[in-house]
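Examination of the molecular architecture
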Amino acid sequence: MGKDTIVIGVIGSDCHSVGNKILELFFTSEGFKVVNLGVMVSQQEFIDAAIETNAKAILVSSLYGHGEIDCQGFRDLCLEKGLDPIVLYVGGNLVVGKTPFSVVEEKFKRMGFDRVFTPDIDLKQVAELLRQDIKEKFGSSLNGQENKSQSNQNKQLSQAAQADQNNRQEPEGSRTK
Amino acid sequence: MKTVISIDIGSTWTKGAAFALTGSGFELKEKISVPTTQDNLVVGFHETLARLLHQDPLTPLEQLKGLSEIFFSSSAKGGLKIAAIGLVPDLTLQLARLAAMSAGGKVVKSFSFALTGGDVSELEKLNPDIVLFSGGTDGGNSKYILENAKKLQSSRLSCPVVYAGNRAVAEDVLNIMKSREVVVTENLMPEVGQVNIEPVREKIREIFLKRIVAGRGLAEIVDLFGSQPKPTPLAVFELISVIPEFYQDWSDLAVIDIGGATTDFYSNTESYLETDTVVLKGIREPKVKRTVEGDLGLRVSARSLFETGQSYLEDRLREEGFELKEMEEFVDRISSRLDYLAESQTEKILDQILAEACVYYAVLRHSGGWREVYTPQGRVYVQTGKDLRRVKAVIGSGGFLSGEKSTAVMAIPLKKLRNYGEEKKLLPDCPSFYRDRHYLFSVLGNLVEKYPQEAASLAVASVENLSQKGENHD
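Residues numbered from 1 in each chain as written. Chains lettered and ligands numbered in written order. Predicted model: local features only at pLDDT ≥ 70, side-chain atom pairs only at ≥ 80, totals over all residues.

Time to look at the overall build of chain A. Helix and strand counts for chain A stand at seven helices and five strands. For chain A, the N- to C-terminal ordering of α and β elements is β-α-β-α-β-α-α-β-α-β-α-α. Classification of the 177 residues of chain A by burial places 42% in the buried group. Look at the contacts in chain A between residues 6 or more apart in sequence, and 74% of them connect residues 24 or more apart. (Helix = DSSP H or I, 4+ residues; strand = E, 2+ residues; numbered from the N terminus. Buried ≥ 20, exposed ≤ 12 C-beta atoms within 10 Å, placed from the backbone. Contact = placed C-beta atoms within 7 Å.)

Here is the structure:
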C-alpha cells in the first residue's frame, strides 16, 4: 500500500490542461499516488474515482472563472456518497474579476473545501499541508506507513472529521499574496 | 486436401459446415442445419457430422471422429447468464458488464455499491451461471468488496464467482468466501480508466466449459474429441477481432446478428481518437466490443421487443401504412410458434420492421455519443462511450440478416438514429452494408484459434456487398 492516493482534475467546462499535467508530475514526485482525471471533470467523476481508489484527497483546479458555480455542493455530494472524511482542496482563478482573495477563500470554505489556493501558490507548501491534513483526518501518516483497515479508519475518521470541521486553523503560509 | 468441419450447436438449430483446406485457404464445401436436440445435444451433433462426412447416420461417433478435423461451439441455451457486481456504476460496473458480454455472456442483472438483502434474494432467484464480482482499483476501495463478499458467502447461490476486483483484498475475499467456488483473476480496472478485461474473459470461458457444458451430453463430445467447445458469441468475437489483422481494408467493421432470442452487436474500431476538441468522459471502451441484447429478438424475444421498441415500431408502421394492432397480432403469432416463417407480403414487412427495431436499439445501446459544450476556449465535444464513426463496413449475420438482400433493415434504423435525442450518437459515418450470405460467421469463428488467416479470408470472401446495388438510404 505505501502511498496515499489523491484525485486531481480541472472541474467544469474548463480545458486548461498544462497546469493539470504539472500538478500530476509534482504530486507524484512528492510521493503521492495521483489519479489524474484531466480536464472538464464533473463533481460526480471526481467522486466516482475517489470511491474506486479509496482516495484520501480530491484536488480541484479551476482556471476559467466559473469555479464557484462548478464547485457548488461538492462537499454535500461527497457526504451523500459516503466520502465523509475526504480532504478537499481547490485552487486556481476561482472567480472572475478582482474579488479579494480572502473573500474567495471564505466562499469556498463555506462550500466545504478544506483549503483554497491562489494560482501562484508554492506547490511544496501545498504538498506539506496535504500530508498534514490527511494525517489529521485519516489518523495514519502519509506515504510509507501501512494503512489500517478501512473500517477502522472510517470510525476514527468520522470522529476526526466532526472534531475538526469547525475549528480548523489556516496557516499563514497558504495565503500567499 | 484436408476437410475441416465446424459445428455450432445453437438453441434452435445445429449448424454445421464442411470446409476444404487447400493451399490457398478454406473453401466452403457444404453447409447444413438440423434442429437442435434439446435433451441430448449429441444426437443433433451426430446427425450433422455424419451428413457432412457423407456417412451412414448410424456410424458411431468414434468412427466419424477420425475422418476429419472437427471444431464445435455451443450457445448454451442462448447465452451464459452472468450477474455483474461492481462498485461505481460508470466505472467498474460498466467494465464488468462489458467483460461479461465480450466473453459471450448475457448480463441478467448488475449491482453497484453494497449489495442489499433484496439484491441478494434477487440474485438467488435469477440463479445466474456465473457471478462476476468486481470493484475498486488495485490498492483502492476494499470496504464494499469485503462487505459484498460476506453477503455472497451467506447467500444460497451455487454458481461459481469470478473475482476481478481490487487485488489488495483478493486473499481476504477468498478467505471470506471459503465454501464457494471463487476464481481470482486480474482486476478489470487496475487504475481509474484503465481497461483490463482480457483475463476476466478468459476465466469466464474456462468456467463456461467446465460447468455449463457438463449437461445434455456435451461432456461426451468433449471426451471423445479431446477438445473444448467455444461459446458461440465468443467464436464470432474472435473472428471479428482477427479479420483486420489480415485485411487492413476491413480495419473498422461492425457485425450485427439478429437471432430469435437475442441481438448481438460487435464492433472492431478505435473507441476514441484524442484531439483538442474532443474530451472523453468515463472509461475508454475496448477496440473490440460486443454487446448482447436479451430483450431484442425476432421470435423468443418478440414480445419484449414489441414493448421495448414501441416508439420505433409505431413510427415505422405509420410510414408503411400499418396499425400497431396488426403488429401486435403478428407478434402474438410468432411468439407462440417459434419456427414460424413470415408468409404473406404483409407479414414479411412486419418481420422486417421488427428486425429494424432490433438494429435500432442494439446500435443505440452499443454506440457512444457526444454533446457540444461551449467553453471560454471554444467549442468542445464531450464524448461518452464508443465512437463508431469510422466504421466502414456493417455486416449482417444471423438467420434473418444473412438472407436479407436489401440494405434497408440496417440502413433505415441507422438513419433514424441520427436524429435521436439531444445527444449526437457517434454512428458509422457512411458505411457500406454487407451480408454474411452463407451464415458462416459462427462456424468460421470456431476455426480462428487454429486457422486465423484462413478463417478471416473466407469470412471476407463470403460476405456480399449490398450497398453496391444502387440502394442508398442515407
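Right, let's talk about the overall build of chain B for a bit. A count of helical and extended segments in chain B gives 17 helices and 20 strands. Counting over 474 residues, chain B shows a buried share of 50%. At a minimum sequence separation of 6, the contacts of chain B that also span at least 24 residues come to 71%.

All names here are of chain B. In the sheet, strand β13 (residues 278-281) pairs with strand β16 (residues 378-384) via four bridges, with the strands oriented parallel. Paired with Leu-280 across the strands is Gln-383, a residue of β16. Looking at chain direction, strand β15 (residues 369-375) and β16 are connected through seven bridges and run antiparallel. The partner of Glu-372 across the bridge, within β16, is Tyr-381. Counting the residues that bridge the hairpin from β15 to β16 gives two residues. (Pairing = 2+ DSSP bridges.)

Attention shifts here to the interface of chain A and chain B. Counting from both sides, the interface comprises 18 residues of chain A and, opposite them, 22 residues of chain B. Going through the elements one at a time, α2 (43-53) and α7 (150-166) of chain A are the ones with two or more residues in the side of chain A that touches chain B. Of the residues belonging to the side of chain A that touches chain B, the class tally is eight nonpolar, six polar and four charged. (Nonpolar A, V, L, I, M, F, W, Y, C, P; charged D, E, K, R; others polar.)

Taken domain by domain, chain B holds domain 1 (2-75), domain 2 (80-210) and domain 3 (234-469). Here the C-alpha centre of domain 2 of chain B lies 36 Å away from the C-alpha centre of domain 1 of chain B. (Domains from an automatic or database assignment.)

With 78% of its residues at a pLDDT of at least 70, chain A reaches an overall mean of 82. When the elements of chain A are averaged for pLDDT, α7 of chain A gives the smallest value, 42, and strand β3 (residues 57-62) of chain A the largest, 98. (pLDDT = per-residue confidence, 0-100.)

Residue and element names in this part refer to chain B. Packing of helix α11 (residues 310-320) against helix α13 (residues 345-366) leaves a shortest axis separation of 10 Å and a crossing angle of 140°. Relative to α13, the crossing made by α11 is right-handed. Of the residues in α13, those touching α11 at Tyr-312, Leu-313, Arg-316, Leu-317 and Glu-320 are Ile-349, Ile-353, Glu-356, Ala-357 and Tyr-360. A class-by-class count of the residues in the contact of α11 with α13 yields seven nonpolar, no polar and three charged. (Axes fitted to C-alpha atoms, helices over the stretch in contact; angles between N-to-C directions. Left-handed = near helix turned anticlockwise from the far one by under 90°.)

Residues and elements named next belong to chain B. The contact between helix α9 (residues 232-246) and helix α17 (residues 452-462) brings their axes to 9 Å, and the two run at 90°. The orientation of α9 relative to α17 falls into the category roughly perpendicular. In this structure, α9 uses Leu-239, Val-242, Ile-243 and Phe-246 to contact α17, whose residues at the interface are Pro-452, Gln-453, Ala-455, Ala-456, Ser-457, Ala-459 and Val-460. Looking at side-chain class alone, the contact of α9 with α17 contains nine nonpolar, two polar and no charged residues. (Parallel < 35°, antiparallel > 145°, perpendicular 65-115°, else oblique.)

This brings us to the nonpolar core. Among the nonpolar cores identified, the biggest contains 179 residues, and Leu-132, Leu-239 and Cys-358 of chain B are the most heavily contacted of them. Broken down by element, this core gets its largest block of residues, 11 residues, from α13 of chain B. (Core = buried A, V, L, I, M, F, W, Y, C linked by C-beta atoms within 7 Å.)

Here we take up the pairing of β15 of chain B. Relative to strand β18 (residues 424-425) of chain B, β15 of chain B is paired through two bridges, and the arrangement is antiparallel. Within β18 of chain B, the residue paired with Trp-370 of chain B across the bridge is Lys-424 of chain B.

On to the sheet that holds strand β20 (residues 463-465) of chain B, then. All names here are of chain B. Taking strand neighbours across the sheet as the criterion, the six strands line up as β14-β12-β11-β17-β19-β20 in an open arrangement whose pairing is mixed. Every interior strand has two partners, whereas the edge strands, β14 (288-293) and β20, have only one. Taking each pair of neighbouring strands and ignoring which way they run, the sheet shows an average axis angle of 20°. Note: strand β11 (residues 253-258) against strand β17 (residues 393-397), five bridges, orientation parallel. Looking across to β17, one finds that Ile-256 is bridged to Gly-396. Along the sheet face, α9 touches β11, β12 (263-268) and β14 and points at about 25° away from the line of β12.

With respect to the helices and strands, the residue Lys-415 of chain B is situated in helix α15 (residues 408-417). Measuring from C-alpha to C-alpha, the distance between Lys-415 of chain B and Tyr-360 of chain B comes to 9.4 Å, with 55 residues separating the pair along the chain.

All names here are of chain B. Spatially, β3-β2-β1-β4-β10 is the arrangement adopted by the five strands of the open sheet, whose pairing is mixed. This sheet does not close on itself; its edge strands, each paired only once, are β3 (25-35) and β10 (230-231). For strand β4 (residues 69-74) and β10, the ladder comprises two bridges, and the chain directions are parallel. Note on β10: the bridge partner recorded for Ser-74 is Pro-231.

On to unusual backbone geometry, then. Residue and element names in this part refer to chain B. Phi angles above zero are rare outside glycine, and Phe-113 is one such case at about 50°. Here Phe-113 is to be found in the loop between β6 (105-111) and α4 (117-126). A residue is classified by how many C-beta atoms lie within 10 Å of it, and Phe-113, with 19 of them, is partly exposed. Here Tyr-439, not a glycine, exhibits a phi torsion of approximately 50°, which is positive. Tracing the backbone through its elements, the reader meets Tyr-439 in the loop between β19 (432-436) and α16 (441-445).

Residues and elements named next belong to chain A. Helix length check: helix α6 (residues 123-138) (16 residues) gives 22 Å between terminal C-alpha atoms against 22 Å at 1.5 Å per residue, within 8%. Of all the positions in α6, only Val-126, Leu-129, Leu-130, Asp-133, Ile-134, Lys-137 and Phe-138 are classed as buried. Buried residues of α6, seen end-on, are gathered within an arc of 135° and therefore sit on one face of the element. (Expected span 1.5 Å × (residues − 1). Arc of directions from axis to C-beta.)

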